[in-house]
Amino acid sequence: MATKRDTRVNSPVRKAVTGASIGNAVEWFDFAIYGFLATYIAANFFPAGNETAALLNTFAIFAAAFFMRPLGGFVFGPLGDRLGRQRVLAVVILLMSAATLGIGLLPT
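First, a word on scope: everything that follows refers to the structure included in this document. Quantities reported herein were computed from a predicted structural model and do not represent experimental measurements.

A few points about the overall build of the protein chain
Okay, step 1: A count of helical and extended segments in the protein chain gives four helices and zero strands.
Okay, step 2: Going from the N terminus to the C terminus, the protein chain shows its helices and strands as α-α-α-α.
Okay, step 3: Burial statistics for the protein chain: of 108 residues in total, 14% are counted as buried.
Okay, step 4: Partitioning the contacts of the protein chain with sequence separation of at least 6, the portion at a separation of at least 24 is 58%.

See the structure below:
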């Protein structure tokens, strides 16, 4: 005899998985855009003359973002436990979006 699966649309597990998936997708999209635009960023935000050094500096900033991810988990993880993960996830997504917008608005 087969058991009936729980198909409620608003189940807490489904909400958590959906929220985490959206947050993860936005974060990886942000990293992908930076990676794809690395040569443009290197050419416009670092001194001209040594393109290799400029590109390496751009990728060093990219690497720094990956090293800061665990520190963000240490800061925002406990906040998510206290304030609610959905609220903290929304704040983190807004902070990442604001940083990306800031890069886009910087004068070259």
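A short note on helix α1 (residues 12–36)
Okay, step 1: Over its 25 residues, α1 runs 36 Å from end to end, which matches the ideal 36 Å to within 8%, given 1.5 Å per residue.
Okay, step 2: Within the span of α1, buried status applies to Gly23, Glu27, Phe31 and Tyr34.
Okay, step 3: Contacts made by the buried residues of α1 are with α2 (38–45), α3 (51–83) and α4 (85–105).

Looking at the pattern of salt bridges
Okay, step 1: One pass over the structure, following the stated rule, counts two salt bridges.
Okay, step 2: Arg85 serves as the salt-bridge partner of Asp81, at 2.6 Å between the closest nitrogen and oxygen.
Okay, step 3: Arg85 sits in the exposed class, given a relative accessible area of 60%.

Quick notes on α3
Given 3.6 residues per helical turn, the α-helix brings residues three or four places apart onto the same face.
Okay, step 1: Compared with the 48 Å implied by 1.5 Å per residue over 33 residues, the 45 Å span of α3 between its first and last C-alpha is a close match.
Okay, step 2: A maximum bend of about 30° is found in α3 at Arg69, where proline Pro70 lies one to four positions downstream.
Okay, step 3: Considering only its buried residues, α3 is in contact with α1, α2 and α4.
Okay, step 4: Following α3 by one or two positions, Gly84 adopts a phi angle in the positive range, close to 110°.

Let's talk about the side chain of Glu27
Okay, step 1: By the element assignment, Glu27 lies in helix α1.
Okay, step 2: Only 2.8 Å separates the side chain of Glu27 from the side chain of Arg69, close enough to count as a polar contact.
Okay, step 3: Setting aside residues up to four positions removed in sequence, Glu27 forms contacts with Arg69 and Met96.

A look at the packing of α1 against α3
Working note: a packed helix pair is described by the angle between its axes plus the distance between those axes.
Okay, step 1: At a minimum axis separation of 10 Å, α1 and α3 run at an interaxial angle of 165°. In terms of axis orientation, α1 runs roughly antiparallel to α3. Seen from above, α1 lies across α3 with left-handed handedness. Contacts between α1 and α3 involve Glu27, Trp28, Phe31, Tyr34 and Gly35 on the former and, on the latter, Thr58, Ile61, Phe62, Ala65, Phe66 and Arg69.

A few points about a nonpolar patch on the surface
Okay, step 1: A cluster of nonpolar side chains, Phe29, Ile33, Phe36, Leu37 and Tyr40, forms an exposed patch at the surface whose accessible area comes to about 570 Å².
Okay, step 2: If you tally residues by element for the nonpolar patch, the top one is α1, at three residues.
Okay, step 3: Take Phe29: it is sitting in helix α1.

What counts as what
Residues numbered from 1 in each chain as written. Predicted model: local features only at pLDDT ≥ 70, side-chain atom pairs only at ≥ 80, totals over all residues. Heavy atoms only, no water. Helix = DSSP H or I, 4+ residues; strand = E, 2+ residues; numbered from the N terminus. Buried < 20%, exposed > 50% of the residue type's maximum accessible area, 1.4 Å probe, protein only. Contact = heavy atoms within 4.5 Å. Expected span 1.5 Å × (residues − 1). Salt bridge = Lys/Arg side-chain N within 4 Å of Asp/Glu carboxyl O. Bend = angle between axes of the 7 residues up to and from the residue. Polar contact = N/O pair within 3.5 Å; in protein donor to acceptor, adjacent residues only side chain to side chain. Axes fitted to C-alpha atoms, helices over the stretch in contact; angles between N-to-C directions. Parallel < 35°, antiparallel > 145°, perpendicular 65-115°, else oblique. Left-handed = near helix turned anticlockwise from the far one by under 90°. Patch = residues over 30% accessible without salt bridge, like charges linked within 9 Å, V, L, I, M, F, W, Y side chains within 5 Å. Areas by Shrake-Rupley, 256 points an atom, 1.4 Å probe, with all protein chains shown as cover.

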